[in-house]
Amino acid sequence: MTTEAAVPSDPCPTDDTLLGRGRELAALTRALAVHRLVALTGPAGVGKSRLAAAAAAEARRLRPCRVRTVDLGALHAPELFAGTLGYALGIRARDDGSELGALAQGLGAEPTLLVLDGCERLLGRAAAGIEYLIDACPDLVVLAVGRATPGSRYERVQRLEPLAEGPATALLCTRARQFGAPAFARSGLEHLDALPLCHLLDRNPLAIELAAGRLTQLSPRQLMSEVSRPAGLLGLAPVALPPDRAADCGDRLPDRTLRAAVEGSHDLCTRAERLLWARLSAVPVGFDLAEAEQACTGRDLTGYALEQAWFGLIRSSVLVSYGAGAQRYRLPFLLRAYGRERLRRINR
Ligand SMILES: Nc1ncnc2c1ncn2[C@@H]1O[C@H](COP(=O)(O)OP(=O)(O)OP(=O)(O)O)[C@@H](O)[C@H]1O
Ligand SMILES: [Mg+2]
């Protein structure tokens, strides 16, 4: 549950390379040097955990500090934050029962970068606990990673966008070759269909890695037609690597389906947010709040409730902004595909 970050050993160099993300890594490293709470946020599978691990290694290289990473995936209720953190870090509550006091003692003992992964599970209700730790430990920096931020007044937010075209196609081609996909056998050349396929996958690294496994059975064109259907896209699931590659690389490949990743976001939404998500999935391309209101107002969702749901979906990275400075938002393809499935079910 908790890991000391280490400079990764590299038995399988092509698998361990962080593709692209140079600008994002530099910005995150800079932010960690000057802010006490940095929140890295973005939609399911966009590469937050991977970038956070790289940023933690970089921060430790630049400034000696202890790095503790805690996966909040096991957090069942935001109220259990302090207890879960203490358990993960091996810090027991003090005799007076104070879990946060004990955490402050433990984390304040030496310069520490605390990486909290899975912050969407905090649902904005653990900000006070994080702030307490930051106030109590002058040498503590927190990197909060998740589809939603903790919602603290201290947080400096960095939003993660899809991979750029070059790294996205490189990831697809590298993984397809590792799986032994016939169309990608010639190393060093990008397959012509790689870029359109990556666009259909929203240049989302999790979707790209899962799709690469399917290229052993399907041609790129067949896969494109498969992922153009919501069920085909959401049905992408892990495929085992050939045995000669599995020993070195297997544990770095995703172990979850795309549907499970998206459902994780859906489970954390309120009823109104789910309804808005479903209705927005029928609206082509992008929208602002006024257009969303016009298209989605209806039974069980009107006025203030719709507005609250709109901001809730933005907070949890279900809606992502696009266009320089514009307040226009869109549903990433994966989330749109899921929303369309839900809408069909609601309208049945
Ligand atoms: N820049 C990258 N280069 C190579 N592989 C990447 C990159 N970004 C992400 N990946 C891989 O894509 C997969 C998804 O990334 P990651 O788990 O970091 O996503 P996430 O945003 O944390 O997802 P979630 O919201 O579900 O926690 C992982 O297998 C990861 O190793
Ligand atoms: Mg993650």
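Scroll up to find the structure.
Residues numbered from 1 in each chain as written. Chains lettered and ligands numbered in written order. Predicted model: local features only at pLDDT ≥ 70, side-chain atom pairs only at ≥ 80, totals over all residues. Heavy atoms only, no water.

(A) View of a positive patch on the surface. Together, Arg 340, Arg 344, Arg 345 and Arg 348 line one region of the surface with positive charge. Relative to the helices and strands, Arg 345 is located in helix α17 (residues 333-347). Residue class for Arg 345 comes out partly exposed when judged on its relative accessible area of 45%. (Patch = residues over 30% accessible without salt bridge, like charges linked within 9 Å, V, L, I, M, F, W, Y side chains within 5 Å. Areas by Shrake-Rupley, 256 points an atom, 1.4 Å probe, with all protein chains shown as cover. Salt bridge = Lys/Arg side-chain N within 4 Å of Asp/Glu carboxyl O. Lys, Arg positive; Asp, Glu negative; His and termini not counted. Charge placed at Lys NZ, Arg CZ, Asp CG, Glu CD. Helix = DSSP H or I, 4+ residues; strand = E, 2+ residues; numbered from the N terminus. Buried < 20%, exposed > 50% of the residue type's maximum accessible area, 1.4 Å probe, protein only.)

(B) Focus on the pattern of salt bridges. Summed over all chains, the structure comprises ten salt bridges. The salt bridge partner of Arg 21 is Glu 24, with a shortest N-O separation of 3.3 Å. A salt bridge links Arg 66 to Glu 110, with the nearest nitrogen and oxygen atoms 3.8 Å apart. In this pair, Arg 66 is assigned in strand β3 (residues 66-71) and Glu 110 in the loop between α5 (99-107) and β4 (112-117), connecting sequence segments 44 residues apart. Residue class for Glu 110 comes out partly exposed when judged on its relative accessible area of 39%.

(C) Representation of the environment of Ala 183 within the structure. With respect to the secondary-structure elements, Ala 183 resides in the loop between α7 (165-179) and α8 (194-200). When sequence neighbours within four positions are dropped, the list of residues in contact with Ala 183 reads His 191 and Pro 220. (Contact = heavy atoms within 4.5 Å.)

(D) Structural detail: the pairing of β4. Judged by how many residues are buried, β4 sits mostly within the fold: six of six residues are covered. Of the two faces of β4, the one lined by Thr 112, Leu 114 and Leu 116 and the one lined by Leu 113, Val 115 and Asp 117 are each fully buried. Bridging between β4 and strand β5 (residues 140-146) involves six bridges; their strand directions are parallel. Within β5, the position partnered with Asp 117 by the bridge is Val 145. (Pairing = 2+ DSSP bridges.)

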